[in-house]
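# Architecture and fold: a report
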Amino acid sequence: EKSGYDHFMLKEIHEQPKAIIDTYRGRMLADEGIIRLSGIDDNINRFLNAERIIIVACGTSWHAGLVGEYLIEDKARIPVEVEYASEFRYRNPIITSKDVVIAISQSGETADTLAAIKLAKAKGAFVFGICNVVGSSIARETHAGAYTHAGPEIGVASTKAFTTQITLLTLIALKLASKKGEISKPQLREFMQEMQLIPKKIEALLKIEDKVKEIAAVYKNATNCLYLGRGFNFPVALEGALKLKEISYIHAEGYPAAEMKHGPIALIDENMPIFVIATSKGHYEKVVSNIQEIKSRAGKIIAIVTEGDTQVREIADHVIEIPETAEALTPLLTTIPFQLLSYHIAVMLNKNVDQPRNLAKSVTVE
Ligand code: F6R
């Protein structure tokens, strides 16, 4: 069942190139510049007339939602808010029939997300679901939706669900952008052609597993780690930290890189590994200066950079290269080394990777 892999998590990490293709197959006609998403097409006016989009989710799905916020605002120019389902439902939120709510849930059974959907519906909002499990409660409770088609995710720590949710959110952002006239046909085509290269680029990245293992061996005994990223990669920093916490029980925090100086910088010393996403587009110079600040305080830097980078290589303790791609697509690549790193640290520490303590695959209690 694990197809020769030691754990479901590792199998699911390696399934990502295929899972992403399964998510966009039949929906993204790159050469024609067409995106087909019937759940959006059938309700296009609800989306085009929306005053804002509210994304509700929990955990890793909430991190995907944050990437969705950056994508939808950047491409389609529709205001987006991202809410923890549990906070949203209990704080008497302002919701109107002009709002579109996108609920994201791998399992489709998360109690807080389901309750948030019911509340939004009661207030007249249109609710769109992004689920992996076909026929799940959330898939049934929403007005329309789209499945991620990632295949069953057995490992408790979410991996392919996350990257396929981002894939689907990218399609939604592009679809809305093209319907609103925010993106030209040639631009759309070019972006989708770039997106079609992502599965191959992930395959290439999965081949650097030995290098990630070496890094894992160096830092496996750390007690605190910091993950930093900016822009599209800020949510990836949050997700990287969550993955490490969940399966290796090492305390980790994700932060927007520029927030470091507003507090977390006080933690930095020679025992603190800091994982920084410093890809070539998206505020590169700013992240480089964050790295310099960390180095001057003796922190250890493990940087994710774009292939061919020289500047970060000179100052970082370790670098992991990702292939070049469009800035908005980088989360699909930068996520992979963090998944592998958490996995290998947890294995080296003899933790139960697929069934971490205290966690359940679907959280059906509040
Ligand atoms: C993290 C993880 C959880 C889930 C969260 C929401 O690896 O798996 O944080 O993402 O419980 O679950 P779904 O997406 O099923 O609603």
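Reference entry: report on the structure contained in this document. (Residues numbered from 1 in each chain as written. Predicted model: local features only at pLDDT ≥ 70, side-chain atom pairs only at ≥ 80, totals over all residues. Heavy atoms only, no water.)

What follows deals with the overall build of the chain. Within the chain, the regular secondary structure consists of 16 helices and 12 strands. Every one of the 366 residues in the chain was classed for burial, and the buried ones make up 58%. Within the chain, contacts between residues separated by at least 24 positions form 75% of all contacts whose residues are at least 6 apart in sequence. Total accessible area computed for the chain in this model is approximately 14500 Å², and 48% of it derives from carbon and sulfur atoms. (Helix = DSSP H or I, 4+ residues; strand = E, 2+ residues; numbered from the N terminus. Buried < 20%, exposed > 50% of the residue type's maximum accessible area, 1.4 Å probe, protein only. Contact = heavy atoms within 4.5 Å. Areas by Shrake-Rupley, 256 points an atom, 1.4 Å probe, with all protein chains shown as cover.)

Taken together, 15 residues lie near the ligand, and Ser61, Ser105, Gln106, Ser107 and Thr110 sit nearest. Starting from 400 Å² of accessible surface for the ligand in isolation, the protein chains cover 89%. Elements supplying a minimum of two residues to the shell around the ligand: α5 (59-76) and α13 (234-248). Its residues placed into classes, the shell around the ligand shows 5 nonpolar, 8 polar and 2 charged. (Near = heavy atom within 4 Å. Nonpolar A, V, L, I, M, F, W, Y, C, P; charged D, E, K, R; others polar.)

Moving on: the sheet that holds strand β12 (residues 318-322). Here we have 5 strands laid out as an open sheet, ordered β9-β8-β10-β11-β12, and parallel in their pairing. Sheet topology places β9 (251-256) and β12 at the edges, where each strand pairs with a single neighbour. Between one strand axis and the next, the sheet turns through 15 degrees on average, direction left out of account. Across 5 bridges, the pairing between strand β11 (residues 300-306) and β12 is parallel. (Pairing = 2+ DSSP bridges. Axes fitted to C-alpha atoms, helices over the stretch in contact; angles between N-to-C directions.)

Attention now moves to the pattern of salt bridges. One pass over the full model with this rule turns up 18 salt bridges. Two residues, Lys281 and Glu324, come together in a salt bridge whose shortest N-O distance is 2.7 Å. With Lys281 in the loop between β10 (273-278) and α14 (284-295) and Glu324 in the loop between β12 and α16 (330-348), this residue pair connects regions lying 43 residues apart in the sequence. Residue class for Glu324 comes out partly exposed when judged on its relative accessible area of 40%. In this structure, a network of salt bridges that share partners links the residues Lys11, Glu15 and Lys160. (Salt bridge = Lys/Arg side-chain N within 4 Å of Asp/Glu carboxyl O.)

Glancing now at the nonpolar core. Generally speaking, nonpolar side chains in soluble globular proteins are found buried as a group. Ile53, Ile102, Phe128, Leu176 and Tyr227 are the most contacted members of the largest nonpolar core, which has 90 residues in total. Considering every element that reaches this core, the biggest residue donor is helix α9 (residues 160-179), with 10 residues. Ignoring any residue separated from it by four or fewer positions in sequence, one finds Leu176 in contact with Ile40, Ile44, Phe47, Ile53, Ala76 and Ile78. In terms of nonpolar packing, the next biggest core, distinct from the first, is built from 21 residues, Ile294, Ala303, Ala316 and Val319 among them. (Core = buried A, V, L, I, M, F, W, Y, C linked by side-chain atoms within 4.5 Å.)

This brings us to the packing of aromatic side chains. Counting across every chain of the model gives 8 aromatic pairs. Measuring from ring centre to ring centre gives 5.9 Å for Phe47 and Phe126, while their planes differ by 80 degrees; the resulting arrangement is edge-to-face. Placement of the pair is Phe47 in helix α4 (residues 44-48) and Phe126 in strand β6 (residues 126-131), with a sequence separation of 79 residues. Taken as a pair, Phe47 and Phe126 share a single burial class, namely buried. Both rings, one in Tyr227 and one in Phe275, keep their centres 4.7 Å apart while their planes meet at 25 degrees; by these two values the pair is stacked. Taken together, the positions of Tyr227 in strand β8 (residues 224-229) and Phe275 in strand β10 put the pair 48 residues apart, joining distant regions of the chain. For the pair Tyr227 and Phe275, one class covers both residues: buried. Aromatic rings pair up to connect Tyr219, Tyr227, Phe275 and Phe338 into one cluster. (Phe/Tyr/Trp six-rings, centres within 6.5 Å; stacked < 30°, edge-to-face > 60°.)

Our focus in this paragraph is the sheet that holds β6. What the 5 strands build is an open sheet, ordered β4-β3-β5-β6-β7; its pairing is parallel. Either end of the sheet is taken by a strand with one partner, and the two such strands are β4 (80-84) and β7 (144-147). Averaged over all pairs of adjacent strands, the angle between strand axes in this sheet comes to 20 degrees, irrespective of strand direction. Looking at chain direction, β6 and β7 are connected through 4 bridges and run parallel. The residue of β7 that forms the bridge with Gly129 is Gly145. Packing of α5 onto the sheet brings it into contact with β3 (52-57), β4 and β5 (99-105), and relative to β4 it is tilted by some 175 degrees. The sheet strands contacting α9 are β3, β5, β6 and β7, and the helix crosses β6 at an angle near 140 degrees.

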